[in-house]
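Chains, contacts and geometry: an overview
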Amino acid sequence: HVARSFLTEYKLSVSPEMDIMEYCRKEWRGNTPAAKRMRKGYEAVAQKFASIRRIRGDNYCAFRATLFQALSQATQLPKWLQSEDFTMLPENLLSKYDWIKQWQLRQKPGKRMGEVKDEIKEYLILLRQKWKNISEVKGPLEKQEACDKLFKNEEEEYSLYEALKFLMLNTAIELYNADKSGRRVPVFSWLLFARDTSSNPCQLMHNHLNHIGHSGGLEQVEMFLLAYALQYTIQVYRLYKHSTDEFITLYPNDPEEDWPVVTLITEDDRHYNIPVRMCQETML
């Protein structure tokens, strides 16, 4: 049974809590400058948070960490999830942009691909339903259990990431059009479309969004896009940047006042874990 239980442990999307400094000591034993910097970084995080939960690394970890944090503190549905036409997004976008038909859906073995718009509509409805259910759970412990349960259901979990990707595409299209018609857009939007691999939303889809989760994770500029799509500020402790002014990075860096904040930890800007349990002092 040993092997079996190890495997199920390994499949966990979000591992159980572990003391932050204990985790750090386990991971960074040496005396190299890098190890020293990481320890300092973890010490700084430990001023604010007591525990860490490891996020499974499979190129979806930025989605997984962000969504898990957002849901575990959700008390209501975000405005954009409440809007009537939210589930009409795939239809509306496809009627204007034929190229979205080439959206790369996560292949489901044995299931014939339906129309992209029906599949994605299903995922968007699932996202709204899960967000609503979890935000209605009152006690913090029960809420945590509800989140843990959701992130143990692979089929649902990956459907939610598909929804997030589509929301990112929608946001990218909005920003691109706003810029083209002379409206002000955030700086990251220029950077996003200044890459020669994503000079417009169609290329962004083909060369980036379609690959997230398969052959790569989110690049930094795409973290901004995710933050905008969710209307959340994503605060990241970037441990390898400790003692520089990029140690705590905000996406977006000029967040809207009323956007909720989620906090992630990264050692390398590729893999993300989450800090949990705010220390009592910082909450007062």
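Please read all numbers here as calculations on a predicted model, not as lab measurements.

Thoughts on the UniProt feature "active site" (unreviewed entry) in the chain
- Following the UniProt record, one finds the feature "active site" (unreviewed entry) at Asp58, Cys61 and His271. A maximum C-alpha distance of 8.9 Å is found for the annotated residues, which run over 214 residues; spatially they form one tight group.
- Residue position: Cys61 is located in helix α4 (residues 61–72).
- In contact with Cys61, other than residues within four places in its own chain, are Ile55, Arg56, Arg270, His271 and Tyr272.

Some remarks on the domain arrangement of the chain
- Segmenting the chain into domains produces domain 1 (8–55) and domain 2 (60–233 + 254–261).
- The interface of domain 1 with domain 2 comprises 6 residues on the first partner and 10 residues on the second.
- Across the domain 1/domain 2 interface, buried area totals approximately 620 Å², and carbon plus sulfur atoms make up 61% of it.
- One salt bridge connects Arg53 with Asp148, and the closest N-O pair in it is separated by 2.9 Å.
- Where domain 1 meets domain 2, there are 3 residue pairs in polar contact (both at pLDDT 80 or more).
- Looking at the side of domain 1 that touches domain 2, its residues break down into 3 nonpolar, 1 polar and 2 charged.

Side note on the UniProt feature "site: Linear diubiquitin binding" (unreviewed entry) in the chain
- Mapped onto this numbering, the UniProt entry annotates "site: Linear diubiquitin binding" (unreviewed entry) at Glu246.
- In contact with Glu246, other than residues within four places in its own chain, are Arg238 and Lys241.
- A distance of 3.3 Å separates the side chain of Glu246 from the side chain of Arg238, its partner in a polar contact.

Some points on the pattern of salt bridges
- Counted under the stated rule, the structure contains 15 salt bridges.
- Between Arg238 and Asp269 there is a salt bridge, and its shortest N-O distance comes to 2.7 Å. With Arg238 in strand β3 (residues 233–238) and Asp269 in the loop between β5 (261–266) and β6 (272–278), the pair connects residues that are 31 residues apart, well separated along the chain. Neither Arg238 nor Asp269 differs from the other in exposure class; each is buried.
- A salt bridge links Glu246 to Lys241, with the shortest nitrogen-to-oxygen separation between them at 3.6 Å.
- Residue classification places Glu246 among the partly exposed positions, given a relative accessible area of 35%.
- Among the charged side chains, a network of salt bridges with common partners joins Arg238, Lys241, Glu246 and Asp269.

Details of a nonpolar patch on the surface
- Residues Val187, Trp190 and Leu191 make up a contiguous nonpolar surface patch of roughly 330 Å² in combined accessible area.
- Here Val187 falls in the exposed class, since its relative accessible area comes to 52%.

With respect to the pairing of β5
- Extensive coverage of β5 is indicated by the burial of 5 of its 6 residues.
- Pairing of β3 with β5 involves 6 bridges; the strand directions are parallel. Residue pairing in the sheet places Gln235 in a bridge with Thr263 of β5.
- Judged from the 2 bridges that link them, β5 and β6 form a sheet pairing that is antiparallel. Across the sheet, Ile265 pairs through a bridge with Asn273, a residue of β6.
- Linking two consecutive strands that pair antiparallel, namely β5 and β6, is a turn of 5 residues; a positive phi of about 65 degrees is found at Asp269 within it.

A closer look at the packing of aromatic side chains
- Considering all chains together, one arrives at 18 aromatic pairs under this definition.
- Ring plane angle 70 degrees and centroid distance 5.1 Å describe the contact between Phe68 and Phe151, whose orientation is recorded as edge-to-face. With a gap of 83 residues between them, Phe68 in helix α4 and Phe151 in the loop between α8 (140–150) and α9 (154–180) connect regions that are remote in the sequence.
- Overall, the relative accessible area of 0% leaves Phe68 in the buried class.

The rules behind each value
Residues numbered from 1 in each chain as written. Predicted model: local features only at pLDDT ≥ 70, side-chain atom pairs only at ≥ 80, totals over all residues. Heavy atoms only, no water. UniProt positions renumbered as here; feature names shortened; annotations may be inferred. Helix = DSSP H or I, 4+ residues; strand = E, 2+ residues; numbered from the N terminus. Contact = heavy atoms within 4.5 Å. Domains from an automatic or database assignment. Buried area = accessible area lost by both parts, 1.4 Å probe. Salt bridge = Lys/Arg side-chain N within 4 Å of Asp/Glu carboxyl O. Polar contact = N/O pair within 3.5 Å; in protein donor to acceptor, adjacent residues only side chain to side chain. Nonpolar A, V, L, I, M, F, W, Y, C, P; charged D, E, K, R; others polar. Buried < 20%, exposed > 50% of the residue type's maximum accessible area, 1.4 Å probe, protein only. Patch = residues over 30% accessible without salt bridge, like charges linked within 9 Å, V, L, I, M, F, W, Y side chains within 5 Å. Areas by Shrake-Rupley, 256 points an atom, 1.4 Å probe, with all protein chains shown as cover. Pairing = 2+ DSSP bridges. Phe/Tyr/Trp six-rings, centres within 6.5 Å; stacked < 30°, edge-to-face > 60°.

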